[in-house]
Each structure stands twice: as structure tokens, then as C-alpha cells.
Amino acid sequence: MINYDAIVVGTGQSGPALARRLVAAGQKVAVVERKFFGGTCVNTGCTPTKALVASAYAAYLARRASDYGVTIGGPVEINMQAVKARKDAIVAPSRRGVERSLRNLEGCTVYDGHARFIADKKVAVNGSVLDADRIFINVGGRASVPPIPGLDQVSYFTNSSMMDVDFVPAHLVILGGSYIGLEFAQVYRRFGSDVTVIELAPRLIPREDEDVSHAVAGFLKEEGIDVRVDSKVVGVEKQGNSIAVKVQSAGKISQVVGTHVLVAIGRRPNTDDLGLDKAGIATDAHGYIQVDDQLRTNVPGIWAMGDCNGRGAFTHTSWNDFEIVAANLLDNDHRRVSDRITAYALYTDPPLGRAGMTEAEVRKTGRPALIATMAMEDVSRAYEKGETKGFMKILVDRDSKQILGASLLGLAGDEVIHCILDLMYARAPYTVMQRAMHIHPTVSEFIPTMMGDLKPLQ
Ligand SMILES: Cc1cc2nc3c(=O)[nH]c(=O)nc-3n(C[C@H](O)[C@H](O)[C@H](O)COP(=O)(O)OP(=O)(O)OC[C@H]3O[C@@H](n4cnc5c(N)ncnc54)[C@H](O)[C@@H]3O)c2cc1C
């Protein structure tokens, strides 16, 4: 048995940063990683997908070159091997950077292998037993693959195996029309694939407001993506070199025949093979580790951070988990999960930046609220750039004048959202923003303008 002050299981977005803080505080730390350092974000999530989004955007813009008075002397072609090589060249240094920083960290021992609890303060990895008073679980999640009849008889992609693709699939059928599925859909359409998206709900990204879903569906369809909503995948079958996806919609069964299938139906936590029962750590019905507002599990001395605790599903929520745990343990600063405001982006083009509540959520609260919307067509910068798809929407509490939420679907929506988010964290009334002088011509300059246009939410 090898004793440590702390064990960190998994090197996602919170584990490595916490290991560094603990070591800096003089603790002897063990870090266990079973696969790629940096976890999902670095290897199979944010970083590689945004690299692909950038390549796809370049192709899209090149095809539109004549709109800008630019002549390209021939057809725009995709070299998928070069696209993948670019993506890999972006991922590799990030992964190496996380690994190197931990291996070179004095006071930190890195174990390569799968960690499993064998008792509440004991973890086994590759035949060694590690023991510590404090254990931090940062094991993340993976694609959830539902038991669709026939799916196990065909080869299909998940977000992880998509990272090895160095060709343009002739027809990519994507099961799932939510955040991950839609990013891949637009990327591969822009690379030249035929793309069909099959979504069970009556609309894409059903957690968003209806107007947002419809606008996103609109520009994806405009690019030639076949969007099928209200459609349940009931079977998958190999047909020669193709794959037939059987879809039930409005009581009828039809089939979509493609060359490749991507399963993007949801995520599940990597907690099923962690021996949590040996440590008595409680999970919910979906396997997410139950934590309190400071990310403590039901077992004293064990914390769960990142996607595996079900309190967030993003890199920034996992990083924020690290900050909360470190603040409470090391800084006597009692930060809590409930202090954070919902914030995320969908990286389609144009992107969606989100903060706080949706309009539907505000309506559900029944509180008096104000709303302002603006079409991106009315934003001069968007017009100048020839990128006018989408709209912005902001909701404000009528009485406190504080912002309740915003959906910015349009050029730079993923960046502009931060001026709203920061005002929300400051708990400042929107009138503060109205007095701020923003820079022209930017998308952000219209946020104060929109505040002048707030009307009662009917
Ligand atoms: C396609 C895709 C795109 C995404 N895009 C974005 C985006 O643009 N923005 C954003 O904010 N979020 C995005 N996300 C989500 C984001 O990647 C995750 O929320 C983020 O990586 C946080 O993960 P984590 O810290 O919980 O752990 P992870 O990053 O999942 O890492 C967990 C680590 O633990 C290791 N591990 C697991 N079990 C064990 C074990 N028993 N023993 C040892 N090691 C173990 C794993 O190998 C892994 O390295 C995306 C996700 C996907 C799938």
C-alpha cells in the first residue's frame, strides 16, 4: 500500500489543476489516468471539434468567396487527411502539455492505468494499492450508445472514433439533433458529405427556446442538411456497403440509407467501472455521483468534479468545480456550485451563446419580465461581414432590472455573451450597460441598444 495525502482519479479539466494546487500546498499527490491526458475536452471534445469547425468554416467561406469579390481559380476541395492532420497537430501539444506538467510536478506521482475503489479511501491501479484521506474523482463521461436493434451489428462512430476519420463520408447519418450532433452535422456537410440528422424530439436542440431551434434548423437546412425531427430510430441494418437506419415518424416506418452512422444521442458518466460500491459512494439513477454544493460526495473525504457529478457538462463547469473545491479546501473561501450561472455555447456557424434562463424558463417562473430581440440583419458588423443569420434575445427582471437570461444566435454570439454574463455575475441592473460606451462596429455595441428596446414579456 502506498500512502498519499490526496489521490486524483482522471485528468479531465479539474483533476490536473487541483493536483497542482494541492502539491503547491505541500501535499503528496497521486494522479491516475487510464488513457489520454487532458480527457474529453482536449482529445475528443472541444479542442478537436473546434479545430474541425474552423476547417469547415474555411471551406464554407471559400465557396462564398465571390460574394466578397474574391475569385478562387477552381473548385474548393477538401483534403480530409490535411484537415485531420491540422486537428491532430492542435490536439497533440495540449495533451502532451497536461501530461508533462503532471509528470514533472515534484510531489506528484502519475499512475498510468484504470483506477478502481477497493475501499472508501483505497484505490487499486495496475496491482498497486493507493491510499489517501482525500480522493478527488474526475473521470468524465463517454458517448451513450442506446440499445437500438441492429446497432451492434454495424460499425458506427461516436464523437471519439470520429476523431480518426480522414475521409469525407458520402452520407453521414447522425442519430441525435442536439449540441454534439449538430456541430458534426454542419462540419461534415461543409466538407461535402450528405448529412441526415435524426432527432426524437419535435425540434432540434429541444432544451433551447423554439425560436432558437427553428432558426438553427433553418440555416442547417439551407446548407443542405436533411433534418428529421419527431423521428425515432427503431433499428439499424447493414445493406451492402450502406447502412439503413429505420425511422418511425407519425406512426410510419421509413428508412434513411447512408454510408456512415454517428451516434450522438447523449453522454453517460464513467462511473460504472470505478468500484464506487466498494467505497459506498452514492450515485443517481443515471450513474452520476451525487454531490453537495461544495462537490463533496456522501463519503467524507471524497469529492467528485466535472461531468461525472451531473452538475455540469462542459469544460468550464469542470474547471469551475476545481475552483470551488480548491477555494473551500485551501483558501477558506466558501464557493458553491449554486453560485454559478448557466453558460455555454453551441459552435455551429453562426454560434449560439447562452447565459442564464431561456425565455421558456423565465415564463415558467411567472415573474414580470422584459424582453428585447434583435435580428442579426440589423447588426451593422454582421451586415458588413455578410454573416447575418440569427438573432439576439435578452430577458430582464422587470423589478430588479437584472438580466435573467440571453440567447445570442449569430456572429460572435459565443463571445458577445460574456458582456451579459459578467453583468449577471455583478448582479447589476441592465441600466449600467446602457451607460457603457461600446466599440463600433461590433456585435457587442448593440447590446446596450437592445436594453433601450426592452418590452414587457407578454
Ligand atoms: C464532441 C464534444 C464536444 C464538446 N465541446 C465542448 C465545448 O465546445 N465546450 C465545452 O465547454 N465543453 C464541450 N464538451 C464537453 C467537455 O469536453 C467536457 O465537459 C469536459 O471535457 C469536462 O470533462 P471532465 O473534466 O469531467 O473529464 P474528462 O475530460 O471526460 O476526463 C476524464 C478523464 O478521466 C479518465 N478516466 C476515466 N475513468 C478513469 C479511471 N477509472 N481511472 C483512471 N482514469 C480514468 C479518462 O480517461 C479521462 O482522461 C464537448 C464534449 C464532446 C463529447
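Residues numbered from 1 in each chain as written. Predicted model: local features only at pLDDT ≥ 70, side-chain atom pairs only at ≥ 80, totals over all residues. Heavy atoms only, no water.

Participant: Describe the pattern of salt bridges, listing the residues and the values that go with them.
Facilitator: Taken as a whole and assessed by the stated rule, the structure comprises 29 salt bridges. Among the salt bridges present, the one from arginine 354 reaches glutamate 208, with a minimum N-O distance of 2.9 Å. With arginine 354 in strand E18 (residues 352-356) and glutamate 208 in the loop between strand E9 (194-198) and helix H6 (210-222), the pair connects residues that are 146 residues apart, well separated along the chain. For the pair arginine 354 and glutamate 208, one class covers both residues: buried. Linking arginine 340 and aspartate 321 is a salt bridge whose minimum nitrogen-to-oxygen distance equals 2.8 Å. Of the two residues, arginine 340 is situated in the loop between helix H8 (315-330) and strand E17 (343-346) and aspartate 321 in helix H8; the sequence distance between them amounts to 19 residues. You'll find arginine 340 and aspartate 321 in the same group, each marked buried. Because the salt bridges share partners, they merge into one network encompassing Asp209, Asp211, Glu359, Arg363 and Lys393. (Salt bridge = Lys/Arg side-chain N within 4 Å of Asp/Glu carboxyl O. Helix = DSSP H or I, 4+ residues; strand = E, 2+ residues; numbered from the N terminus. Buried < 20%, exposed > 50% of the residue type's maximum accessible area, 1.4 Å probe, protein only.)

Participant: So, a nonpolar patch on the surface: which residues are in play, and what are the values?
Facilitator: Where nonpolar side chains cluster on the molecular surface, the patch consists of Tyr68, Val70 and Ile72 and spans about 250 Å² of accessible area. Relative to the assigned elements, isoleucine 72 resides in the loop between helix H3 (46-63) and helix H4 (80-103). (Patch = residues over 30% accessible without salt bridge, like charges linked within 9 Å, V, L, I, M, F, W, Y side chains within 5 Å. Areas by Shrake-Rupley, 256 points an atom, 1.4 Å probe, with all protein chains shown as cover.)

Participant: Go over the environment of leucine 61, please, and point to the residues and values.
Facilitator: Relative to the assigned elements, leucine 61 resides in helix H3. Under the relative-accessibility criterion, leucine 61 is labelled partly exposed at 28%. Remark: the alpha-carbon pair of leucine 61 and valine 76, spanning 15 residues in sequence, is separated by 9.9 Å.

Participant: How would you sum up the packing of H3 against H4? Please name residues and give values.
Facilitator: The contact between H3 and H4 brings their axes to 9 Å, and the two run at 140°. For the element pair H3 / H4, the angle class is oblique. The way H3 lies across H4 gives a crossing that is right-handed. Of the residues in H4, those touching H3 at Thr47, Pro48, Ala51, Leu52, Ala54 and Ser55 are Val83, Arg86, Lys87, Ile90 and Val91. (Axes fitted to C-alpha atoms, helices over the stretch in contact; angles between N-to-C directions. Parallel < 35°, antiparallel > 145°, perpendicular 65-115°, else oblique. Left-handed = near helix turned anticlockwise from the far one by under 90°. Contact = heavy atoms within 4.5 Å.)

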